[in-house]
Amino acid sequence: MRAYLGAIWDSRFFWLSLVRMDLRSRYRGSVLGILWSLLHPIAMTAILCVVFSCVFGQDLRIYAPLVFTGLTFWGFFAASVVQGCNCFFQGESYIRQYPAPMAIYPLRNVLGAAFHFMIGLGLAIAIGLLVGPDINRNPDATRLHQLSALPSLLPTCILLLLFGWGLSILFGLLSVRFRDTRHLTEIGLQGLFYLTPIMYRIDAFKAFKDKQWMAQLLLCNPLGSFLDLIREPILMGRIPSLTSYVTAGSVVLVLTIMAMIALRIEERRLIFHL
Amino acid sequence: MARIELEHVNLTFRVRRERAIRLKDFILKRMFLPSKNPIMEVRALQDINLRIDQGDRVAFIGHNGAGKSSILKLLAGIYQPTSGRRIVEGRISSLFDIALGFEAEANGWENIAYRSYLQGETPASVRSKREDIAEFSELGEFLDMPVRYYSAGMMVRLAFSIATSIQPEILLVDEVLSVGDLAFQNKARERMREMMARAHLMVVVSHDLESLPYVCNRAVWMDHGRIRMMGDCAGVIAAYRSSVSGHPAAA
């Protein structure tokens, strides 16, 4: 275990430079460059805001930051999973030549996705401060509260990084073994998008007495706790609840253990299945 | 001290007739129905016992599919033995599949860095070496272009220049190496000779029976994943030759 982490650390120049290259080549030759990674969630947010403020009469000042934070998180999650499916195929030629630890190939993808996430998060914080806290839900909150709650995002980012890495490893190994994984995953993500409180809040369902089961179902989705960890400080100006931390933390812990076990089993055999 | 030891090493590939398993197959197998995509076992290496010490220059010979390249990849740590023990002491440099593993979108300089990092270099050491690598590859201003635009020959040149830029303790070479045009080939051969002379230990896989005795002192004759004969280079090659000419079908 320790030796394995050491080997990952020893090859840090390799995967760091590949992450840098991925980011550079993605925007090579495009005029807006890195701004594209911002424009995608912004455009989605704009579309959703137009739809929901026209059709359902949502207050934009509250709804826009909600959707933007949601989409930023979803972008990271989906990238970890989808690119994770591809990571060992992408690194195949290196795997065939050098005995480097396999975990660096998922790490390459996750760090790229994390970079885009951090940009989105920066903008989300800016939007949150601009609009001010949601005083309907947290009447005492001021912008000062928002600022002082921001440091709570630091452990969240570390949790998210581990979360994405674990996901990438698991989906990467799965799709080496079962080539259908990628296609199934893409369909699954479509469904999961609507089951995750990205475009809405779960308490929106509490208004309907006959839809309580729906709220219960959505509460089971552990992605919601990650969203709480991101949204509470930015939108509400308060530290996220312990429940959110514990839920997200346990998900990450379980996922990390699963990823470690899967790597332990597959690490030596992976090359025979590529 | 560089040293290689293999003890009772077996290597079994479990391949499927179609490349990857399907989810359907996986489930069907669990339900004990016969699969249309059965596992076929290939015993690539069987009960290999081997000791290579500092100073040895070992050649692996044998017909195609005898397990020569598998053993080289096993020594490099890319394949793990299915059973048995592999002990390797010393920094390894391997020269096989070198034309693979370029980032097509990145330029030559960047690819020099990526490969070098994988070989254990640091940014500082790469900076001091990359001019030498560039000069040896003779690619000049092509290095500023994305590797995507390189010809196959140019890629091999670059790969060879990077791979031979480090001083290995253990050198593993597969099927040396048709690198680039004629002029570059001579240069590459010269460099290989230097490298082989400086490496503490070397393992070569080759079909070039003429030149092997000049390079190697020991030889191992592989046959169907087993060691058929091992010993003094000239003697093993002579035995291999007579066996091949005696039974033409086996070649």
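Reference entry: report on the structure contained in this document.

Each value, and the rule that gives it
- Residues numbered from 1 in each chain as written.
- Chains lettered and ligands numbered in written order.
- Predicted model: local features only at pLDDT ≥ 70, side-chain atom pairs only at ≥ 80, totals over all residues.
- Helix = DSSP H or I, 4+ residues; strand = E, 2+ residues; numbered from the N terminus.
- Rg over C-alpha atoms; globule rule 2.2 N^0.38 Å.
- Buried ≥ 20, exposed ≤ 12 C-beta atoms within 10 Å, placed from the backbone.
- Contact = placed C-beta atoms within 7 Å.
- Pairing = 2+ DSSP bridges.
- Axes fitted to C-alpha atoms, helices over the stretch in contact; angles between N-to-C directions.

1. Digging into the overall build of chain A
For chain A, the count of helices and strands is 13 helices and zero strands. The linear arrangement of helices and strands in chain A, starting from the amino end, is α-α-α-α-α-α-α-α-α-α-α-α-α. Against the globule reference of 19 Å for 274 residues, chain A gives a C-alpha radius of gyration of 20 Å, in line with a compact fold. By its C-alpha atoms, chain A is 60 × 45 × 35 Å across when sized along the principal axes. Counting across all 274 residues of chain A, residues that qualify as buried make up 37%. Partitioning the intrachain contacts of chain A with sequence separation of at least 6 by distance along the chain shows that 74% fall at a separation of at least 24.

2. Overview of the overall build of chain B
Secondary structure assignment for chain B yields eight helices and nine strands. Buried positions account for 38% of the 251 residues belonging to chain B. Contacts in chain B between residues at least 24 apart in sequence constitute 73% of all its contacts with a sequence separation of at least 6.

3. Comments concerning the sheet that holds strand β3 (residues 57-61) of chain B
Residue and element names in this part refer to chain B. The strand order across the open sheet formed by six strands is β5-β6-β7-β3-β8-β9, and the pairing between neighbours is mixed. Strands with a single pairing partner mark the edges of an open sheet, and in this sheet they are β5 (92-95) and β9 (226-232). The sheet shows a mean angle of 15° between the axes of neighbouring strands, taken without regard to direction.

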